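As a plain string of letters, each chain reads:
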Amino acid sequence: MAEENNLTRKPIVRKKVHSKVSMNRLKILVTTVMRSKADFYMDYIQSFGANMQFVLYGHGTAPREILTALGLADPERAVIVSIIGEDHVPAVLECLEEKFRTIVNGKGIAYTIPMASVIGKSVFNFLSDNRSQVGRK
């Protein structure tokens, strides 16, 4: 009878324990603005949870006549590259569009590129502004 009990018992199935990681996808936000406004826009974008940003300084190549006709007298530009959570993208793009229209000499271009993958849980938590999980093992 003891043998029957051993045969009829169900095997113990251990469930894998996964750490809680935000499933929020990340996007690369590229914003091109006048060089003199780069610091303002970097601070503004950071308020939407962008933990990593860098700026590339460039010089426009359009002829002076075209720049003058478009109202773009200064060819000095800054390209701000930010990593931002997908859930923040609609709000940040809408707010940037408003700033581009309302700030004097604040015109610019902003668009996003999807990120396919990030290696490492800690890196993902940092980039997705998931402060509760950063530094935990």
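Presented here is a report on the structure given in the accompanying data block. (Residues numbered from 1 in each chain as written. Predicted model: local features only at pLDDT ≥ 70, side-chain atom pairs only at ≥ 80, totals over all residues. Heavy atoms only, no water.)

Once that is clear, we can look at the sheet that holds strand E4 (residues 108-114). Taken together, four strands build an open sheet; the order of strands is E2-E3-E1-E4 and the sheet is antiparallel. Of all strands in the sheet, those with a lone pairing partner are strand E2 (52-59) and E4, marking the two edges. Taking each pair of neighbouring strands and ignoring which way they run, the sheet shows an average axis angle of 20°. In the sheet, E2 pairs with strand E3 (residues 76-85) via eight bridges, with the strands oriented antiparallel. Its bridge partner being in E3, Phe54 is matched across the sheet by Val81. Together, strand E1 (26-34), E2 and E3 form the strand contacts of helix H2 (residues 38-46), whose direction differs from that of E3 by roughly 10°. Sitting on the sheet, helix H4 (residues 89-102) touches E1, E3 and E4, and the angle it makes with E4 is about 165°. (Pairing = 2+ DSSP bridges. Helix = DSSP H or I, 4+ residues; strand = E, 2+ residues; numbered from the N terminus. Axes fitted to C-alpha atoms, helices over the stretch in contact; angles between N-to-C directions. Contact = heavy atoms within 4.5 Å.)

For the rest of this paragraph, the subject is the environment of Val92. Counting through the fold element by element, Val92 comes out in helix H4. Residue Val92 is classed as buried on the basis of its relative accessible area, which comes to 0%. Apart from residues no more than four positions distant in its own chain, Val92 is found in contact with Leu29, Phe48 and Ile84. (Buried < 20%, exposed > 50% of the residue type's maximum accessible area, 1.4 Å probe, protein only.)

A cluster of nonpolar residues, Met52, Phe54 and Leu56, forms a patch on the protein surface that exposes about 250 Å² of accessible area. For Met52, the location among the structural elements is in strand E2. (Patch = residues over 30% accessible without salt bridge, like charges linked within 9 Å, V, L, I, M, F, W, Y side chains within 5 Å. Areas by Shrake-Rupley, 256 points an atom, 1.4 Å probe, with all protein chains shown as cover. Salt bridge = Lys/Arg side-chain N within 4 Å of Asp/Glu carboxyl O.)

With that settled, consider the pattern of salt bridges. Under the counting rule described, the total for this entry stands at two salt bridges. Among the salt bridges present, the one from Glu86 reaches Lys27, with a minimum N-O distance of 3.9 Å. A residue pair is termed long-range when its members are at least 10 positions apart, and Glu86 in the loop between E3 and H4 and Lys27 in strand E1 qualify at 59 residues. Classification of Glu86 as partly exposed rests on a relative accessible area of 34%. When its relative accessible area of 16% is taken as the criterion, Lys27 is described as buried. One salt bridge in this structure joins Glu76 and Arg35, with 3.0 Å as the shortest N-O distance. In this pair, Glu76 is assigned in strand E3 and Arg35 in the loop between E1 and H2, connecting sequence segments 41 residues apart.

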